[in-house]
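Secondary and tertiary structure notes
The chain contents come next:
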Amino acid sequence: ETYVKYVVPTEISALASPTEQLKAMAIAARTYAWYKINTSTQTWDVSDWTETQAMCENKEHALSNAAVNATAGQYLFHPTKGVIIAMYGAESGTPTTANIFLSSYPYLDAVDDPVSFGIAVNGHGMGFSQNGSRRWASLYGWDYVSILTHYYSGVTVEGVTNFGALIWPWNRFALNEDRLRIEAKTRAK
C-alpha cells in the first residue's frame, strides 16, 4: 500500500483528480504491481520509473492516500486469467487499443470510449485511460468500479470491498411495495 501511495500521485494529479478517478488509479496501480510481482523473472519486481510504473515518495499526497486507503487490498481479477496486467496510459482514445496478444490478455480488448472522441492517443492506448477516467468521474459521476470495468473487459474488483449494488429495481426506478429483499452473492475462494 505504501508503494501504491507513491505511484498514484506520480501518475495522475492528486489535486486535479476526482476521488473516484484516484480510487480507480489506485486499484490499477496495485493490480499492475501485483501482476508484476507474481510473474517477474528479474531480481526485482517493479522499478520506480516508466518501464513498470512511475513512483516518487516525494509526491505522496493526502487526497491520493485517502483513495489508496479506501481501496486497500482491492485488485482486478479476470475469471480465466486471475490477477490482470492492468495496463494504463494518459490518453487511450476511442476505441482503446486492443492488445495484439488478445488471447493471452482478453481483458485488454478495444472498448469504445465516447468521452475520448476526437482526442489523440497519448501512450500505448491499452486499458485504463487516466484522462478518460477523469472525464467519466467528473462529467458523468461514474464510480471507480464503473470506470475500471469499462476499460478492462470481463473483470471484477476483488478483495475487501465496502460497495454493493442494487440491481433490481434499476436506479431511479420506483418501488411500489413496502418491502425489499436484498441478496448478496459471494464467490468461493
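Going by the structure above, here's the rest.
Parameters at a glance
Residues numbered from 1 in each chain as written. Predicted model: local features only at pLDDT ≥ 70, side-chain atom pairs only at ≥ 80, totals over all residues. Heavy atoms only, no water. Helix = DSSP H or I, 4+ residues; strand = E, 2+ residues; numbered from the N terminus. Buried < 20%, exposed > 50% of the residue type's maximum accessible area, 1.4 Å probe, protein only. Contact = heavy atoms within 4.5 Å. Areas by Shrake-Rupley, 256 points an atom, 1.4 Å probe, with all protein chains shown as cover. Polar contact = N/O pair within 3.5 Å; in protein donor to acceptor, adjacent residues only side chain to side chain. Core = buried A, V, L, I, M, F, W, Y, C linked by side-chain atoms within 4.5 Å. Salt bridge = Lys/Arg side-chain N within 4 Å of Asp/Glu carboxyl O. Pairing = 2+ DSSP bridges. Phe/Tyr/Trp six-rings, centres within 6.5 Å; stacked < 30°, edge-to-face > 60°.

A closer look at the overall build of the protein
Check the secondary structure of the protein and you find five helices and five strands. In the protein, the succession of helices and strands from N to C terminus is α-α-α-β-β-β-β-α-α-β. When the 189 residues of the protein are sorted by exposure, 43% land in the buried category. Contacts in the protein between residues far apart in sequence, at least 24 positions, make up 68% of those at least 6 positions apart. Entry remark: accessible area of the protein is about 10900 Å², with carbon and sulfur atoms responsible for 54%.

Let's talk about the side chain of K5
In this structure, K5 sits in helix α1 (residues 2-11). A distance of 3.0 Å separates the side chain of K5 from the side chain of N69, its partner in a polar contact. Among residues more than four places away in sequence, those in contact with K5 are E60, N65, V68 and N69.

A few points about the nonpolar core
Within the largest apolar cluster, 42 residues are counted, with the highest numbers of intra-cluster contacts made by V8, L76, F128, L148 and Y152. Taken together, the elements giving at least two residues each to this core come down to α1, α2 (19-39), α3 (62-70), β1 (75-78), α4 (130-140) and α5 (144-151). With 10 residues, the single largest contributor to this core is α2. When near neighbours in sequence (up to four residues on either side) are disregarded, Y152 contacts A28, L76, I84, A86, M87, Y88, Y107, L108, G127 and F128.

Remarks on the pattern of salt bridges
Considering all chains together, one arrives at three salt bridges under this definition. Among the salt bridges present, the one from R30 reaches E1, with a minimum N-O distance of 2.7 Å. You can see R30 sitting in helix α2 and its partner E1 sitting in the segment before α1, a full 29 residues away along the chain. By relative accessible area, R30 is classed as buried at 7%. Residue K23 pairs with E20 through a salt bridge whose shortest N-O separation is 3.3 Å. Of the two residues, K23 and E20 are both situated in helix α2; the distance of three residues between them amounts to about one turn of the helix.

A word on the pairing of β1
Side chains on a regular strand alternate between the two faces of the sheet. Side chains Y75 and F77 of β1 all project onto a buried face; the interleaved residues L76 and H78 project onto the opposite face, where all are buried too. Sheet topology note: the β1/strand β2 (residues 82-83) ladder contains two bridges and is antiparallel. Bridging across to β2, F77 finds its partner in V83. Hairpin connection from β1 to β2: three residues lie between these consecutive antiparallel strands.

Points about the packing of aromatic side chains
Inspection of the entire model under this criterion finds seven aromatic pairs. Pairing Y32 with Y88 gives two aromatic rings, centres 6.4 Å apart and planes at 75 degrees, and the pair type is edge-to-face. With a gap of 56 residues between them, Y32 in helix α2 and Y88 in strand β3 (residues 88-89) connect regions that are remote in the sequence. For the residue pair Y32 and Y88, the accessibility class agrees, reading buried in each case.

A look at α5
The element α5 is extensively covered by neighbouring structure, given that six of its eight residues are classed as buried. Residues of α5 that are buried: Y144, V145, I147, L148, H150 and Y151.

Some thoughts on the sheet that holds β2
Strand order across the open sheet formed by three strands is β2-β1-β5, with antiparallel pairing between neighbours. Strands with a single pairing partner mark the edges of an open sheet, and in this sheet they are β2 and β5 (156-158). Inspection of the sheet shows β1 paired to β5 by three bridges, in the antiparallel sense. Of the residues in β5, the one forming a bridge with F77 is T156.

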